[in-house]
Amino acid sequence: MSKLDEMGKKVRKLQLRAAVAKMKLRDLADDLPGKWTEVEEVAEGASAVFAELDGARRELAAMKKVP
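Residues numbered from 1 in each chain as written. Predicted model: local features only at pLDDT ≥ 70, side-chain atom pairs only at ≥ 80, totals over all residues. Heavy atoms only, no water.

**Student:** What am I meant to see in the overall build of the protein chain here?
**Tutor:** Within the protein chain one finds two helices and zero strands. Relative to the 2.2 N^0.38 estimate, which gives 11 Å for 67 residues, the radius of gyration of the protein chain is 15 Å and therefore markedly larger than a compact globule would have. Across its three principal directions, the C-alpha atoms of the protein chain cover 55 × 15 × 10 Å. Expressed as a percentage of its 67 residues, the buried residues of the protein chain come to 18%. A total accessible area of about 5,300 Å² is found for the protein chain, and carbon and sulfur atoms account for 57% of it. Counting 14 positive and 12 negative side-chain charges, the protein chain places the centres of these two groups 9 Å from one another. (Helix = DSSP H or I, 4+ residues; strand = E, 2+ residues; numbered from the N terminus. Rg over C-alpha atoms; globule rule 2.2 N^0.38 Å. Buried < 20%, exposed > 50% of the residue type's maximum accessible area, 1.4 Å probe, protein only. Areas by Shrake-Rupley, 256 points an atom, 1.4 Å probe, with all protein chains shown as cover. Lys, Arg positive; Asp, Glu negative; His and termini not counted. Charge placed at Lys NZ, Arg CZ, Asp CG, Glu CD.)

Below you can see the structure in the form of structure tokens.
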């Protein structure tokens, strides 16, 4: 498997993790104000996943530009 394929696979996995994190955040918002103590933890987790996804997407785009 080429490095480009591996990076594409990594991006797809991160997209799935980001979707799950987004749903956790949305579910938590539905449970407010009852679970307000969990907001920071869930939001930090979602932010970390989306930051990792953004970095992987940028890396994949850079790899595609290189001949």
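Back to the text.
**Student:** Before we go on, may I ask you to explain the pattern of salt bridges in this structure?
**Tutor:** Side chains that differ in charge, positive against negative, can pair when their charged atoms come close. Counted by the stated rule, this structure contains three salt bridges. Note that lysine 35 and aspartate 31 form a salt bridge whose closest N and O atoms lie 3.8 Å from each other. With relative accessibility at 37%, the residue lysine 35 sits in the partly exposed group. A salt bridge links aspartate 54 to arginine 58; the nearest nitrogen and oxygen atoms lie 2.9 Å apart. (Salt bridge = Lys/Arg side-chain N within 4 Å of Asp/Glu carboxyl O.)

**Student:** What should I look at first to understand the nonpolar core in this one?
**Tutor:** In globular proteins that are soluble, nonpolar side chains generally tend to be buried together. Among the nonpolar cores identified, the biggest contains eight residues, and these are Met7, Val11, Leu14, Ala18, Val49, Leu53, Ala56 and Leu60. Looking at this core, the elements that each hand over two or more residues are helix H1 (3–30) and helix H2 (39–65). Not counting residues within four places of it along the chain, the set of residues in contact with valine 11 comprises Leu53, Ala56, Arg57 and Leu60. (Core = buried A, V, L, I, M, F, W, Y, C linked by side-chain atoms within 4.5 Å. Contact = heavy atoms within 4.5 Å.)

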